[in-house]
Amino acid sequence: MDAHLAKEPRLSARAIGKTFGGTVALKDVDLDIMRGEMLALVGANGAGKSTLVKIICGAQRTDEGEIRVDGRPVTFATVGDALAAGIAVAHQQVAIIPTLTAAENIMLGQEPRRFGLIRDRRLVAEARALAQRFGVDIPLERECGDLGIGENKILDILKALKSDPSLLILDEPTASLTLNESRKLFGFLRDLKAKGLAILFISHHINEIFENCDRVVVLKDGIKVHDGAVRETNPDAVIRQMVGRTIEDEDWTSHATPGAIAVHLADVTVGALQVPDLTVHRGEIVGVAGVLGAGQTDLIEAMAGGRPGLGRGVVALNGLDHLPRSVEEATARGIYLIADNRLKKALFPGLSVEENLMTGSLDQTSRLGFMRQGKALAAARDVIGRLSVKCSGPAQEVLQLSGGNQQKVAFGRWLVRMAHDPAAMPPLLLLDNPTEGVDVGSKAELYALIRGFAEQGASVIITSAEFGEMLKLCDRIYCIADDKLGTGLGRSDFSEERLLLEVN
Ligand SMILES: Nc1ncnc2c1ncn2[C@@H]1O[C@H](COP(=O)(O)OP(=O)(O)OP(=O)(O)O)[C@@H](O)[C@H]1O
Ligand SMILES: [Mg+2]
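Moving on to the site of ligand 1. Taken together, 20 residues sit near ligand 1, with Phe20, Asn45, Ser50, Ser402 and Gly404 positioned nearest. Those elements that provide at least two residues to the shell around ligand 1 are strand E2 (23-33), helix H2 (49-56) and helix H15 (403-420). Partitioned by chemical class, the residues of the shell around ligand 1 number 4 nonpolar, 13 polar and 3 charged.

Listed below in structure tokens is the structure:
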């Protein structure tokens, strides 16, 4: 490499501006990314991070400003143009097809003409060579559906590396990973960095940025408010720049005495997961910790009526003596689920924010009933305010919202439902990764809401890839190991190390 090239930013963006209707997503943003550097891009939900990434990778046109690669001005009309210039992206949603093998997934899409030959040995050999080159040790002949989410994430990144990029962009790669899986991913990224790759990394987990990145850029409302070496700042300062205030390490623990038993599962089997005993009292927040895919999502979905016939055993669930046979049966008993994977399971992407908040509250028979609709509408507006959902208005399509704001809408749906369709029982809330992709400021708001519901008598079961979140919020935590739910740990036994130990 020429000496002058080593100092030249790999990518240099100047005065980038982007507006959507009346929303200013980016304003006058400068960004340099150097070779062999891991640069963190942070900011509250809706700050403009993904928009900037989409502009850099050719997925979206910029309104203003220019981009240079190795000092030369470029215009990317398509993602292909950016790829040709050495810029590859792994987006937040993994683009992995579960029914194809790891090798097939890696090689998919690169050369459409070869699609018919996808099972060709040559392609498998190419995938193997690629995996070897980047030191990835994942069984390539296995179907991706049988691999863990962390492994699928690495395969998705490997797929992006296939074009041999010199800049790799990762939009929230660790949002759904547990600590162990994130550590593995960072080990992999450090090796890439050592090979001279530039990496742009987006995350809401401030700690991992301080552990792994070289420089941090903070966006606030589309404007760059900080750009400097990680070692010259600290997490509190970055959070203050992001959300405009400090987030105190608040005490989310319970101050209420737990009430009657709301949930008791004894000798229940859900899929491959055995549940010898799970008890949740009213007013209690109980966590279920496990490595990804350990069965926590199956368990929660079965309790919410989303997996009829999956479980059997002795059940007492908010007044039911069986696992609900349908979501309707569950909600009639005040059992509400916030599902993970919001775009697939929880939201209607083509509908507006308001419509998404209201679906679920308007039952079929009264769908056209004006009174009910009017009430639900008012509740929807209230939720937009309470959760500070960043949108141009209630009529904006939910697909246009930033990732974290979509999650707030998914969370808000049952707030609306509970406000206007109160079941006879205090509710049982089932939360599956409820704050995935939500920024640190809004997380605190959601924790306060969840604790508030428990204090009013609701029982809560939460599972999260972010163990720290359960440690903050839960009164007890059950760990899954070897397809079996253990006995619940009390707060005196709580620590991240203990949980990591228990789930492995
Ligand atoms: N296609 C679009 N149409 C209208 N508005 C959009 C569109 N895409 C993004 N926006 C708006 O631009 C702003 C920035 O969104 P962006 O997705 O870049 O945020 P982000 O920083 O990635 O947030 P998050 O952390 O929640 O992922 C938001 O207010 C969003 O609603
Ligand atoms: Mg985003």
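Turning next to the confidence of the model for the chain. When pLDDT is averaged across the chain, the result is 87; 92% of the residues are at 70 or more. Averaged over each element, pLDDT in the chain is lowest for helix H1 (residues 3-7) (59) and highest for strand E9 (residues 215-220) (98). Low confidence marks residues 364-371, where pLDDT is under 50. Its contacts with residues over four positions away, or in another chain, come to 2 contacts.

For the chain, the assigned domains are domain 1 (3-243), domain 2 (259-334 + 426-504) and domain 3 (349-422). Inter-centroid distance (C-alpha atoms) of domain 1 to domain 2 is 33 Å. Mapped onto the side of domain 1 that touches domain 2, the elements with two or more residues apiece are helix H6 (149-161), helix H7 (179-194) and helix H9 (235-243). Here the residues of the side of domain 1 that touches domain 2 are counted per class, giving 9 nonpolar, 7 polar and 2 charged.

Next up on the list: the pairing of strand E1 (residues 11-20). Of the pairings in the sheet, the one linking E1 to strand E4 (residues 64-69) comprises 5 bridges and is antiparallel in character. Among the inter-strand pairings, Ser12 is bridged to a residue of E4, identified as Arg68. The antiparallel hairpin formed by E1 and E2 contains 2 residues in its connecting segment, where Gly21 sits at a positive phi of about 55 degrees.

Moving on, we come to the sheet that holds strand E10 (residues 223-229). Overall, mixed pairing links the 6 strands, which are arranged E6-E7-E8-E3-E9-E10 in an open sheet. This sheet does not close on itself; its edge strands, each paired only once, are strand E6 (87-90) and E10. With direction set aside, neighbouring strand axes in the sheet form an average angle of 15 degrees. For E9 and E10, the ladder comprises 6 bridges, and the chain directions are antiparallel. Across the sheet, the residue bridging to Val218 is His226, located in E10. In the packing of H2 onto the sheet, the strands contacted are strand E3 (38-42), E6, strand E7 (167-171), strand E8 (198-202) and E9, and the crossing angle to E7 comes to about 150 degrees. Docked against the sheet, H7 engages E3, E7 and E8, running at close to 150 degrees with respect to E8.

Before going further, it helps to spend a moment on the environment of Val280. Mapped onto the elements of the fold, Val280 is located in strand E12 (residues 273-281). Here Val280 falls in the buried class, since 24 other C-beta atoms lie within 10 Å of it.

Judged by nonpolar contacts, the single largest core of 73 residues is most densely connected at Met303, Leu430 and Val460. Aside from chain neighbours lying at most four places away, what touches Leu430 is Ile300, Met303, Ala304, Ile335, Tyr336, Leu337 and Ile461. Listed in part, the 72 residues of the second largest apolar core include Leu83, Ile157, Leu189 and Val217.

Here E4 runs beside strand E5 (residues 72-74); their pairing, made up of 3 bridges, is antiparallel. Note on E5: the bridge partner recorded for Val69 is Arg72. Counted between consecutive antiparallel strands, the loop separating E4 from E5 contains 2 residues, among which Asp70 sits at a positive phi close to 50 degrees.

Bringing the sheet that holds E2 into the picture now. Hydrogen bonds between backbone atoms are what pair the strands of a sheet, whose relative direction is either parallel or antiparallel. The sheet built from 4 strands is open, its strands ordered E2-E1-E4-E5 with antiparallel pairing. One side of each edge strand has no neighbouring strand; the edge strands of this open sheet are E2 and E5. Strand-to-strand twist in this sheet, taken as the mean axis angle between neighbours without regard to direction, amounts to 30 degrees. Across the sheet, H2 lies against E1, E2 and E4, angled at about 120 degrees from E1, the strand it touches most.

Its identity as a non-glycine residue notwithstanding, Asp28 has a phi of 55 degrees, on the positive side. Along the polypeptide, Asp28 turns up in strand E2. Its 13 C-beta neighbours within 10 Å are what place Asp28 among the partly exposed residues. Although it is not a glycine, Asn433 sits at a positive phi angle of roughly 50 degrees. Summarising the element assignment, Asn433 is placed in the loop between strand E16 (428-432) and helix H16 (440-455). Under the C-beta neighbour-count criterion, Asn433 is labelled buried, with 25 such atoms within 10 Å.

Here is what the cut-offs are and how they apply
- Residues numbered from 1 in each chain as written.
- Chains lettered and ligands numbered in written order.
- Predicted model: local features only at pLDDT ≥ 70, side-chain atom pairs only at ≥ 80, totals over all residues.
- Near = placed C-beta within 6 Å.
- Helix = DSSP H or I, 4+ residues; strand = E, 2+ residues; numbered from the N terminus.
- Nonpolar A, V, L, I, M, F, W, Y, C, P; charged D, E, K, R; others polar.
- pLDDT = per-residue confidence, 0-100.
- Contact = placed C-beta atoms within 7 Å.
- Domains from an automatic or database assignment.
- Pairing = 2+ DSSP bridges.
- Axes fitted to C-alpha atoms, helices over the stretch in contact; angles between N-to-C directions.
- Buried ≥ 20, exposed ≤ 12 C-beta atoms within 10 Å, placed from the backbone.
- Core = buried A, V, L, I, M, F, W, Y, C linked by C-beta atoms within 7 Å.

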